[in-house]
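Close look at the chain arrangement
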Amino acid sequence: MSWAQGILLARILSRGWRGVCGTTLTGAPFSQVPSQAPRGLHCSAATHTSDSSLVPSPPEPLRGPTKALSPHEELFRQSPDVARDKASFVRAVQNFGQHNVHKRGHVDFIYLALRKMREYGVEQDLAVYNLLLDIFPKEVFRPRNIFQRIFIHYPRQQECGVAVLEQMENHGVMPNKETEFLLIQIFGHKSYPMLKFVRMRLWFSRFKNVNPFPVPRDLPQDPVDLARLGLRHIEPDLSARVTIYQMPPSKDSTGTADSTEQYIVGIQSPDQQAALARHNPARPIFVEGPFSLWLHNKCVYYHILRAELVPPEEREVEEIPEEWNLYYPMQLDLDYGRSGWDDYEFDINEVEEGPVFAICMAGAHDQATLAKWIQGLQETNPALAKIPVVFRLAASTGELQASSSGLEEPFPPPLNGQEEEEEDPQRHQQGQS
């Protein structure tokens, strides 16, 4: 044995003996000292008298971090009998001001209140936003000198004030003079919340009436009224008539009523009726959909009754007198000095589509429900009874159920190409004359 190996063995033995002596001096009996083999030495398995030392202990399960509740969460906790409305939300905000006179933790409470506003239905109430801004202490966060104006004075409080204004902007709430007075009293003129307020007043006033087809702020909760509003929003012809072909079963109806009946609301203009009467009975028409339409935060679906585009050789060109033509004169023979580099062709992508004869919204987008719509159209369009109708619907598994928040259902998957080309006799419905 060389001298290096001897020094290494002596160091290992001294380290093991130090561990044994340390355990004995602390008061533990010698029999409870765990048998540890020194490093570098081989230990036989026969020296272990306990079988538990041979079996490795299972690792302890990892404990995930528990989500701590907000310190002001108990202010919004209410009994299940109390409704979550504006009165209960205002009461929770007032309780925070009464129990916390020094306004400690007001930033965390405002962030919590912003998250709770949708649950209480006050996300579009200007008075509630002003009430949240009133929680900030007054005359404390205002900059006093030029250096405090250059560097963000109380940045966390200013970010919280901007967050309140951003949520107002997302929900289309226009700030008023009270909001301006509160921001000046809390943060002063030279602050980021005040800058956000000035920008909102500028652009909100410009874009308030920019939409030529405005949607009412408060949408109807009844699905039939919501469907009527959506159809009026789609159809540009003011002379179009909305027809309710089928009403949904009322909640007070007895068990004898058919619970599978869904509402069917359609719209059709006189020009569409005339175009459907001139349609060639040899060419089929198609029921396609559903297509989505968003009305604020509610999504509704509609179906269309359309035909394919007529080939150019079969089109009937209607001659318009020159005095009736809005683009008269049609041609101008003017000799301009043009060079060979002038491009006489414009790159315009024009896509021509077939005519649309009617539009409907229904509580379900299956073939059985839409067949009732076609039967209702035959009463005002006798020519439809002689035209074959083909249903080209998107593959879907569910129905559009009317909920308290509107028709908020996921959009069905797209059309399958193989299902479009497949001519299944069950998907074709021939009108009976």
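Residues numbered from 1 in each chain as written. Predicted model: local features only at pLDDT ≥ 70, side-chain atom pairs only at ≥ 80, totals over all residues. Heavy atoms only, no water.

**Some thoughts on the environment of Asn211**
- Locating Asn211 in the fold gives a position in the loop between helix H8 (192-207) and helix H9 (223-234).
- A relative accessible area of 43% places Asn211 in the partly exposed class.
- Reaching out from Asn211, the side chain makes a polar contact with the backbone oxygen of Phe213 at a distance of 3.0 Å. (Helix = DSSP H or I, 4+ residues; strand = E, 2+ residues; numbered from the N terminus. Buried < 20%, exposed > 50% of the residue type's maximum accessible area, 1.4 Å probe, protein only. Polar contact = N/O pair within 3.5 Å; in protein donor to acceptor, adjacent residues only side chain to side chain.)

**Details of unusual backbone geometry**
- In this chain, Gly289 is followed by Pro290 through a cis amide linkage whose omega measures 0°.
- For Glu139, which is not glycine, the phi torsion reads 60° and is therefore positive.
- The exposure class of Glu139 is partly exposed, given its relative accessible area of 37%.
- With phi around 60°, His296 is a residue other than glycine that occupies positive phi space.

**Quick word on helix H4 (residues 126-133)**
- For H4, the complete set of buried residues consists of Val128, Tyr129, Asn130, Leu132 and Leu133.
- In this structure, the buried side of H4 is in contact with helix H2 (86-99), helix H3 (106-120), helix H6 (155-170) and helix H7 (177-186). (Contact = heavy atoms within 4.5 Å.)

**A short note on the packing of H7 against H8**
- Remark: H7 packs on H8, axes separated minimally by 9 Å, with the N-to-C direction vectors making an angle of 160°. In terms of orientation, H7 and H8 fall into the roughly antiparallel class. For the element pair H7 and H8, the recorded crossing hand is left-handed. Residues Thr179, Glu180, Leu183 and Ile184 of H7 lie in contact with H8, whose contacting residues are Pro193, Met194, Phe197 and Arg201.
- Partitioned by chemical class, the residues of the contact of H7 with H8 number five nonpolar, one polar and two charged. (Axes fitted to C-alpha atoms, helices over the stretch in contact; angles between N-to-C directions. Parallel < 35°, antiparallel > 145°, perpendicular 65-115°, else oblique. Left-handed = near helix turned anticlockwise from the far one by under 90°. Nonpolar A, V, L, I, M, F, W, Y, C, P; charged D, E, K, R; others polar.)

**Examining a nonpolar patch on the surface**
- On the surface, Ile146, Phe147, Ile150 and Phe151 cluster together into a nonpolar patch covering about 490 Å² of accessible area.
- Take Phe147: it is sitting in helix H5 (residues 146-150). (Patch = residues over 30% accessible without salt bridge, like charges linked within 9 Å, V, L, I, M, F, W, Y side chains within 5 Å. Areas by Shrake-Rupley, 256 points an atom, 1.4 Å probe, with all protein chains shown as cover. Salt bridge = Lys/Arg side-chain N within 4 Å of Asp/Glu carboxyl O.)

**A look at the pairing of strand E4 (residues 298-307)**
- Judged by how many residues are buried, E4 sits mostly within the fold: ten of ten residues are covered.
- Side chains Lys298, Val300, Tyr302, Ile304 and Arg306 of E4 all project onto a buried face; the interleaved residues Cys299, Tyr301, His303, Leu305 and Ala307 project onto the opposite face, where all are buried too.
- Relative to E4, strand E3 (residues 285-295) is paired through nine bridges, and the arrangement is antiparallel. Bridged to Leu295 within E4 is Lys298.
- What sits between E3 and E4 in their antiparallel hairpin is a turn of two residues, with His296 showing a positive phi close to 60°.
- In this structure, E4 lies alongside strand E5 (residues 356-362), joined through four bridges in antiparallel fashion. Within E5, the position partnered with Arg306 by the bridge is Val356. (Pairing = 2+ DSSP bridges.)

**Examining the packing of aromatic side chains**
- By the definition in use, this model includes eight aromatic pairs.
- An angle of 40° between the planes, with centres 5.7 Å apart, marks the rings of Phe291 and Tyr302 as tilted. With Phe291 in strand E3 and Tyr302 in strand E4, this residue pair connects regions lying eleven residues apart in the sequence.
- What makes Tyr302 buried here is its relative accessible area of 18%.
- Connected via pairs of aromatic rings, a cluster forms that spans Phe136, Phe141, Tyr154 and Phe187.
- Sitting over the ring of Trp203, Arg206 keeps its end group 5.4 Å from the ring centre.
- Above the face of the Phe286 ring, Arg392 is positioned so that its terminal group lies 3.9 Å from the ring centre. (Phe/Tyr/Trp six-rings, centres within 6.5 Å; stacked < 30°, edge-to-face > 60°. Lys NZ or Arg CZ within 6 Å of the ring centre and 35° of its normal.)

**Comments concerning the nonpolar core**
- Of all hydrophobic cores here, the largest spans 35 residues; its most connected members are Phe76, Phe89, Leu114, Met117 and Phe136.
- For this core, the secondary-structure elements that each account for two or more residues are H2, H3, H4, H6, H7 and H8.
- In terms of residue count, the dominant contributor to this core is H3 (eight residues).
- Setting aside residues no more than four positions away along its own chain, Leu114 makes contact with Tyr129, Leu132, Ala163, Val164 and Gln167. (Core = buried A, V, L, I, M, F, W, Y, C linked by side-chain atoms within 4.5 Å.)

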